[in-house]
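Inside the fold
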Amino acid sequence: MHTKRSRPRLLVVGGGIAGFSLAMHALQRFDTTIVEAEFQPGYHSTGRSAAVFHIAFENDTVHRLSLESESFFLDPPKPFGTIATSLENMMIAKTEEQDVVDSFLDTWTGRCPWLQRLNGRDIVRRIPVIRADFRAGVLDTRSLGLDVHTLLEGYRRSFVDRGGEIMTNRRLVELDDSLGHWKASFAQGDYLEVDIVANAAGAWADEIANLAGVQPMGLVPRRRTGLRIQPDVDFKNWPMCYRASGDLYFKPEGGSIMLSPADATESPPCDAQPEMLDLALAMNRLHECTTLNIERPHETWAGLRSFVADGLPVVGFAKDHAGFFWHAAFGGFGVQTSPACGKLGAELLNGDSSTISMNVSKHSLSPARFT
Ligand SMILES: Cc1cc2nc3c(=O)[nH]c(=O)nc-3n(C[C@H](O)[C@H](O)[C@H](O)COP(=O)(O)OP(=O)(O)OC[C@H]3O[C@@H](n4cnc5c(N)ncnc54)[C@H](O)[C@@H]3O)c2cc1C
């Protein structure tokens, strides 16, 4: 039975980085439960990311959300452990790709004055195995490598220590608002009654909107492939490296190098798996731009990055339902913007936009921009 309570009840659907960062902040005002379909939080996109933080990334809004998140990574509050390590980030270009370097610097140098133009010698000094036809580049000295497991665990502990509830192995299958509040039913047979549903279901976010009878956002999940290789060279001080052509990046990660063909193939929401073609492309491109002699990766995986048409997150109450909140479409930046997006989402959930500190227009993230 639904009884009137002093604190409204919030159900966060999705136990990835988006759901946890939102729920941690939302606890201040709501009795909050996170439901996650899998046995383990972070099983989908969150657990499959490249775990990097770039400030000169994507577009102005993602840039601002990232800048706002930087201090959290560098000086995390308790109970978070160390999340970030310094990581240089180097773009490399062939002579015919020089215009990509120029346009990148034109776009970003004003906002990121620490960016440096590089020549071929600078590039080879940093990564000796890069082939000589890469003669131009850019160095970003203010990127970070992130420990996603520690970050997610910090959100989890902070949430649970302050009374938040997590239910794993609970797939939401039905949302019914006919009694004036939500009855959320799970595939496992049980249900919860709540006042607000927050949709942080990653690639499944439009499916959750359909369950609620709310207009979907046209979310497109795109598969991205990751590989790990273990070359027989000393790579521990290499920067992250990405090709100006946008079809390869690689970076040192402990005892391995992680690389990706930077694929973005449309996919239905699913437990994404790597395709042979993408793995072969990644290895070919690596051989094209380095002298590394590696036959096969020792680990491969894939995950989904989910975007709406303008490439920005969707954060805010649905225009067509006062009890349905969007927190989705975090593309390839959901980890690095999670501190700012979680805080911003909770402020909007509270209906308290006056405290929104970052210089991001609420409207640019609002679901209403699509209606
Ligand atoms: C290869 C790769 C590299 C990336 N690199 C970076 C990077 O370097 N930096 C960066 O910031 N980002 C990166 N990203 C993007 C980042 O991983 C995502 O933006 C982020 O993880 C999205 O988090 P999320 O919580 O929205 O989604 P998810 O982590 O997918 O969480 C959504 C959760 O919702 C659950 N769910 C779905 N439907 C239901 C239901 N009906 N009931 C209950 N639960 C449900 C799912 O099981 C899932 O666990 C990368 C992604 C990939 C794939």
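Look up: the structure comes first, before these words.
What you are looking at is a predicted structure, and each value in this text was computed from that prediction instead of being measured.

1. Points about the sheet that holds strand β2 (residues 31-35)
Spatially, 6 strands are ordered β7-β2-β1-β11-β19-β18 in an open sheet, and the strand pairing comes out mixed. The two strands at the open ends of the sheet, each matched to only one other strand, are β7 (165-167) and β18 (314-317). In this sheet, adjacent strand axes meet at a mean angle of 20 degrees when their direction is disregarded. Note that strand β1 (residues 9-13) and strand β11 (residues 196-199) share 4 bridges and pair parallel. When the bridges of β11 are listed, leucine 10 appears paired with isoleucine 196. Sitting on the sheet, helix α6 (residues 205-212) touches β1, β11 and β19 (324-328), and the angle it makes with β11 is about 155 degrees.

2. A few points about the site of the ligand
What surrounds the ligand is a group of 40 residues, the closest being Gly14, Gly16, Gly202, Gly303 and Gly334. Among the elements of the structure, α1 (17-26), β12 (220-229) and β17 (299-307) are those that each provide at least two residues to the shell around the ligand. Across the shell around the ligand, the residue classes break down as 18 nonpolar, 16 polar and 6 charged. Mapped onto the domain boundaries, the shell around the ligand takes at least three residues apiece from domain 1 (9-48 + 149-219 + 309-370) and domain 2 (86-142 + 220-306).

3. Some details on the nonpolar core
Counting 108 residues, the largest nonpolar core has Val197 and Ala198 as the members making the most contacts within it. The element best represented in this core is α1, accounting for 7 residues. The two domains that each donate at least three residues to this core are domain 1 (9-48 + 149-219 + 309-370) and domain 2 (86-142 + 220-306). Those residues in contact with alanine 198 that lie beyond four places of it in its chain are Leu10, Leu11, Val12, Val13, Leu22, Phe325, His327 and Leu349.

Rules and cut-offs
- Residues numbered from 1 in each chain as written.
- Predicted model: local features only at pLDDT ≥ 70, side-chain atom pairs only at ≥ 80, totals over all residues.
- Pairing = 2+ DSSP bridges.
- Helix = DSSP H or I, 4+ residues; strand = E, 2+ residues; numbered from the N terminus.
- Axes fitted to C-alpha atoms, helices over the stretch in contact; angles between N-to-C directions.
- Contact = placed C-beta atoms within 7 Å.
- Near = placed C-beta within 6 Å.
- Nonpolar A, V, L, I, M, F, W, Y, C, P; charged D, E, K, R; others polar.
- Domains from an automatic or database assignment.
- Core = buried A, V, L, I, M, F, W, Y, C linked by C-beta atoms within 7 Å.
- Buried ≥ 20, exposed ≤ 12 C-beta atoms within 10 Å, placed from the backbone.

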